[in-house]
Each structure stands twice: as structure tokens, then as C-alpha cells.
Amino acid sequence: MQIITTIQEMREARRAWTSSQRVGFVPTMGYLHEGHLSLIQRGRGENDVLVASIFVNPAQFRPDEDFNLYPRNLSRDLQMLEAAGVDVVFTPTPDEIYPPGFVSAVEMAGPLFEKVEGAHRPGHFRGVATVVLKFFQIVQPYQAYFGQKDAQQVAVITRMVIDFNLAVKLRILPTIREIDGLAMSSRNAYLDPEARASATVLYRALQEGRRVFDLHQGDDPRVVVQAMVNTIGTEPRAVLDYATIQDPVSFQPLEVLRAPALLLIAAQVGPARLIDNFLLHADGSWNVGILISEC
Ligand code: AMP
């Protein structure tokens, strides 16, 4: 496995691969878990060359967020990526990606940047879209892998690929969950045992929202939101940021309960701010993710 830290080296590696070789790309912020590995495994199976990146992107954190605290363990990550058969790990420094004089950014009008997670983390999706565009330019993958866990990120990147005619195929994979339903996340490392036990309330709230959604097709979406809010309210250690139901592509609010619909939730549980979602499809199926025991 080749470990690359500069853009120039990454470009040289890219040039060595022929146009008939499929290059897969899995961008991450490291501190890898089974959720990341599900993307890597799929990417390994579907491509001739697999590139993963590890980059904690300062541009997507506000000054009061957890950029400095964000868990990092590069040697462990590299072992995991090597064992999973990754060919190249691209792990640049912030200065490599944002050299002096860097002033550009991807901008998007409307709810994709401004609503839901975007309203609670102003500037977050500008940082995400900008770094993903840069990585797509540097790695030039045939296809790139993202998790449904970050549903709004998926919607933003999908829109960017369409709007800028980017020559990359997006592959979106289901959320991988712990056996009790907690969505895997590098930020789960912040949870002490008590907060870890409380953190399942996000999954329970989404399940309750899905149940109520099923009973109230065609009704006012507020019944579903209220069901999620009430469930979060049963857990004293959880402080709700938002519970909402949106169109999964545009992030416009739903007028009535009808699939496709995206239930989204964010809550502070002890020291960790956690997000989760269920995607409810029009054919009646649910993409709620995969419990680790079923992998
Ligand atoms: P991150 O390192 O948190 O930026 O995540 C890197 C990629 O892994 C993103 O596309 C995430 O959506 C995806 N990911 C993170 N957690 C999970 C999970 N539990 N299941 C599936 N994909 C995930």
C-alpha cells in the first residue's frame, strides 16, 4: 500500500493508471470503523485501483467545534486500510490542501446548504463540498463511495456532481450500526459508558418516527416530528438539536407524509453531537441501515 501526502505525488500515481483501469475513491476523516470499512470493501470489489483519503478537513469545522479534539489514529487506520486491500492512501496536511492565498469555495443556494444540518453548522457544507471537489480533481476517480449516515452530505455532493458535470459516479451505501442500533461514528469515541447507553435514543426516535409515518401516510408531517421529539424527551442525557422530515434530494420540507422521505435527527448526548437518519423509499422499503451483526 502506497501512502501519499502531497498532491504532486498523488497526481503522479494517478497518471500511472490507464484509462481502462477503474479507480475507486473513499474519502474519510480517519479514525476508521466498520462504517468506513463497508465503503472500502465495496470499493475494493468494484474497482481495479482503490484510493482512500484520510483528512480531517479544517474548513468544515467552525471555530467552536471539535476540530482539535476530533479522534485521530493514523497508524491504526493505515493497518486497517492495508488489511482491507487499499492500494493508495492519500493523507495530505491542511497546508497542502489550503496553501497560502487559497480563497475559493463551492457555494450552493437554498436548503441544501442552509437548512437542517446546514442551519446548525453554518459553513459546514461549503467546507465539505469544496474539499470533496478538490479531492475529485486530484484523484480523478471513476466512482466515489459515501455513506447514507451523512444524508445531507450525500444530497450536497450529488447536487454538486450534477451541477458541475463532474465525471464521477457516486455510490451511496447504507448506514452501518452497532448491534443496539447506534450509527457507527468516529465521534462515538467521545461517549462515556452512560452517554453510550443513552445514545441509542436517536435510533429509537427514528424507529418511532418511521412507525408513526407508516400510520399517517398523507397526513401532516408534524405528527412524525412530534413522535421523534417525544422519544428524545424520554432520555434526560440527550439534548435535541433538531428532528425533522425532508425531501431527501432537495431538502425542502415535506408538505404531507409521503415517501420518498428522509427522517433526520441531531442531538447532543453528553460530550458528543450525534446525527442519524432513516431514508423511507417510495416502494415502501426503508433504508435504515445495517446492524453490525447482519454484515
Ligand atoms: P467521516 O470519516 O465521518 O467523514 O466519514 C467518511 C465516510 O464514511 C462518509 O461518506 C460517511 O458518510 C461514511 N460513514 C461514516 N459513518 C458511517 C456508517 N456508520 N455507515 C456507513 N457509512 C458511514
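Residues numbered from 1 in each chain as written. Predicted model: local features only at pLDDT ≥ 70, side-chain atom pairs only at ≥ 80, totals over all residues. Heavy atoms only, no water.

**Q** What should I look at first to understand helix α8 (residues 151–163) in this one?
**A** Note: α-helices contain 3.6 residues per turn, so residues at a spacing of three or four share the same orientation. Under the 1.5 Å per step criterion, the end-to-end length of α8 is 18 Å for 13 residues, consistent within 8% with the ideal 18 Å. Just past α8, the residue N165 takes up positive phi, approximately 50 degrees. (Helix = DSSP H or I, 4+ residues; strand = E, 2+ residues; numbered from the N terminus. Expected span 1.5 Å × (residues − 1).)

**Q** Explain the environment of D192 to me, please; I cannot follow it from the model alone.
**A** Take D192: it is sitting in the loop between β7 (176–177) and α9 (193–198). Here the alpha-carbon distance between D192 and G270, two residues 78 residues apart in the chain, equals 8.1 Å. A distance of 2.8 Å separates a polar side-chain atom of D192 from the backbone nitrogen of A195. (Polar contact = N/O pair within 3.5 Å; in protein donor to acceptor, adjacent residues only side chain to side chain.)

**Q** Would you mind showing me how to read the site of the ligand here?
**A** Lining the immediate surroundings of the ligand are 17 residues, of which M29, H36, D150, I176 and M184 lie closest. At 2.8 Å from an oxygen atom of the ligand is found a side-chain nitrogen or oxygen belonging to H36. Burial of the ligand by the protein amounts to 93% of the accessible area it has alone, namely 490 Å². Those elements giving two or more residues to the shell around the ligand turn out to be β2 (23–28), α2 (34–46) and β5 (143–147). Examining the composition of the shell around the ligand, we find that three residues originate from one element, α2, more than from any other. Among the residues forming the shell around the ligand, the class breakdown is eight nonpolar, seven polar and two charged. (Near = heavy atom within 4 Å. Areas by Shrake-Rupley, 256 points an atom, 1.4 Å probe, with all protein chains shown as cover. Nonpolar A, V, L, I, M, F, W, Y, C, P; charged D, E, K, R; others polar.)

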